[in-house]
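A structural walkthrough
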Amino acid sequence: IFLCENNLYAMGTAWEYVSAVQQMSTKAKAYDITAEIVDGQDVLAMYEVTKRAVEHCKSGKGPYFIEAMTYRFRGHSMADPETYREKDEVEERRSDDPIILFRDQLLEFNKAEQAEMDAIDQAIEDEIERAIQFADESSFPDPSTIYDHVYGE
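A separate point is the sheet that holds strand E2 (residues 34-39). Strand order in this open sheet of three strands is E1-E3-E2, and the pairing throughout is parallel. The sheet is open, and its two borders are formed by strand E1 (2-6) and E2, each paired with just one other strand. Averaged over all pairs of adjacent strands, the angle between strand axes in this sheet comes to 20 degrees, irrespective of strand direction. In terms of strand pairing, E2 meets strand E3 (residues 64-69) through six bridges, oriented parallel. Bridge pairing links Val38 to Ala68 in E3.

Bringing the nonpolar core into the picture now. With seven residues, the main nonpolar core is built from Val38, Met46, Val49, Ala53, Tyr64, Ile66 and Ala68. Where this core is concerned, the elements lending two or more residues are helix H2 (43-58) and E3. Among all residues touching Ile66, those that are not within four sequence positions of it are Ile1, Phe2, Leu3, Cys4, Glu36, Val38, Val49, Thr50 and Ala53.

Generally, phi is negative for residues other than glycine and the peptide bonds are trans, each holding for most cases. Non-glycine residue Asp32 carries a positive phi angle of around 60 degrees. As for its position among the elements, Asp32 is in the loop between helix H1 (24-29) and E2. For Asp32, a relative accessible area of 73% translates into the label exposed. One non-glycine residue with positive phi stands out, namely Asn110, at about 55 degrees. Secondary-structure assignment places Asn110 in the loop between helix H4 (98-108) and helix H5 (114-137). Among the residues examined, Asn110 registers a relative accessible area of 68% and is labelled exposed.

Rules behind the numbers
- Throughout, a residue's number is its position along its own chain's written sequence, starting from 1.
- Whole-chain, interface and lining totals are the exception, using all residues; otherwise, since this is a predicted model, local features are given only for residues with pLDDT of at least 70 and side-chain atom pairs are given and counted only at 80 or more.
- Water and hydrogen atoms play no part in the side-chain values, which are based on all heavy atoms of the structure.
- A pair of strands is labelled paired if DSSP reports no fewer than 2 bridges between them.
- Comment: elements are numbered from the N terminus, with helices defined as DSSP H or I runs of at least four residues and strands as E runs of at least two.
- Helix axes use the C-alpha atoms of the stretch in contact, all axes being lines fitted to C-alpha atoms, and the angles between their N-to-C directions lie in the range 0 to 180 degrees.
- The criterion is simple. A nonpolar core is a set of buried Ala, Val, Leu, Ile, Met, Phe, Trp, Tyr and Cys residues joined through side-chain atoms within 4.5 Å.
- Each residue is assigned to one of three classes by its accessible area relative to the maximum for its type, calculated with a 1.4 Å probe on protein chains only: buried under 20%, partly exposed between the two thresholds, exposed over 50%.
- Contact criterion: two residues are considered in contact whenever any of their non-hydrogen atoms come within 4.5 Å of each other.

This is the structure:
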C-alpha cells in the first residue's frame, strides 16, 4: 500500500507548478497500480479506503495507491517562510482540520462526550509537557553517535 498525502504543495511551491499531471494517482495508474483518490481530511473515508486497499493487497491483486487529498497547515520545515501561499488561505482551511471534524462527528452522533474529549486533550498536553521536560533535562548525545539509527543494521 502506497499512501500519498497530497497536501497541494511541494516543498516550496504549489504542486500544479511542479507536476505535469494534477493527480498523483495518475502516476500510479501508469504503472498499472490500482489507485484511488480520497478526502484525506475525512477520518472515516480514510478508514474505508485503507480497508479496501488492505483487502486488495492481501487477496494477491498487487499494490494499491491511495492519494489522500489533504492540507498542510504549517510550512514544510521550521525554515519555511511560506511565501508561496497567503495566510488567509491557511486560516480558511483550518476549518477542515480532520481532528476537529472527527471530534465534532463523535460528539454529534453521541459516540463520545465533551468530558471525554477534554480528558484526551489534557492527556495530550500532559504528555507533551513530560516530553519537553525530559528533553530539557537530558544531556546532549555523544557526537560519535551522529550516524546511529540512520541506516538499517
